[in-house]
Amino acid sequence: MQRSKTAILSALMVTAALSAAPVLAAQNAPAGQAPTAQAAAQPTDQQLQRFASASQKVSGVVDEYRPKVDAAKTDADKQKVIQEADAKMVKLVRADGLSVEEFNGIGRAVQQDPQVKQRLMNMGNAGAAVQQ
């Protein structure tokens, strides 16, 4: 159960970091953004499950690419590595059935709404109980 809680908490921290990611932020579509933001304010259980899954995968990308960014010698090299990581994260988020906008919106909802955060944490606890 502890591992599941740690994974969820890691996902939350990654989400906070991703909210500033240039490619993810740049892909927000202006048209139709209000409905997406509104829907993300109270995500469904299925959206939260997809978010948790995608966040764990994105966390792996962050862990993989952080040393590469740190090792880059020039700003251009760093930017190239960041763009590569962003593209990989976008692909993973979409593979879990979420748009980038939904993922970012759910992340904001988890950060800003204690009830949404608790729902996400409860999902992690339920999943750990089932696995044991």
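Residues numbered from 1 in each chain as written. Predicted model: local features only at pLDDT ≥ 70, side-chain atom pairs only at ≥ 80, totals over all residues. Heavy atoms only, no water.

Tallying each qualifying case throughout the model produces five salt bridges. Here Lys-57 makes a salt bridge to Asp-96, at a shortest N to O gap of 3.2 Å. Within this pair, whereas Lys-57 is found in helix H4 (residues 45–71), its partner Asp-96 is found in the loop between helix H5 (75–95) and helix H6 (100–112), the two being separated by 39 residues in sequence. Given the relative accessible area of 37%, Lys-57 is considered partly exposed. Taking relative accessible area as the criterion, Asp-96 reaches 14% and is therefore assigned buried. Between Lys-68 and Glu-64 there is a salt bridge, with the nearest N and O atoms lying 3.5 Å from each other. With a gap of four residues between them, Lys-68 and Glu-64 both fall in helix H4, about one helical turn apart. Taking relative accessible area as the criterion, Lys-68 reaches 37% and is therefore assigned partly exposed. Each of Glu-64, Lys-68 and Lys-88 takes part in one network of salt bridges that share partners. (Salt bridge = Lys/Arg side-chain N within 4 Å of Asp/Glu carboxyl O. Helix = DSSP H or I, 4+ residues; strand = E, 2+ residues; numbered from the N terminus. Buried < 20%, exposed > 50% of the residue type's maximum accessible area, 1.4 Å probe, protein only.)

Following both chains from N to C, one finds H4 and H5 inclined at 170°, their axes separated by 9 Å at the closest point. Taken together, the axes of H4 and H5 are roughly antiparallel relative to one another. The crossing of H4 and H5 is right-handed. Side by side, H4 and H5 meet where Ala-54, Lys-57, Val-58, Val-61, Val-62, Glu-64, Tyr-65, Lys-68 and Val-69 of the first sit next to Lys-78, Val-81, Ile-82, Glu-84, Ala-85, Lys-88, Met-89, Leu-92 and Val-93 of the second. Of the residues assigned to the contact of H4 with H5, the class counts are 12 nonpolar, no polar and six charged. (Axes fitted to C-alpha atoms, helices over the stretch in contact; angles between N-to-C directions. Parallel < 35°, antiparallel > 145°, perpendicular 65-115°, else oblique. Left-handed = near helix turned anticlockwise from the far one by under 90°. Contact = heavy atoms within 4.5 Å. Nonpolar A, V, L, I, M, F, W, Y, C, P; charged D, E, K, R; others polar.)

Moving on: the confidence of the model for the chain. On average, residues of the chain score 75 in pLDDT, and 63% of them are at 70 or above. Taking the mean pLDDT of every element in the chain, the minimum, 41, falls on helix H2 (residues 22–26) and the maximum, 94, on H5. Under a pLDDT of 50 for its full length, residues 1–10 has, in the predicted model, 13 contacts with residues more than four places off or in other chains. Long-range and interchain partners of residues 127–132, a stretch whose pLDDT sits below 50, account for three contacts in this model, where long-range means more than four residues apart. (pLDDT = per-residue confidence, 0-100.)

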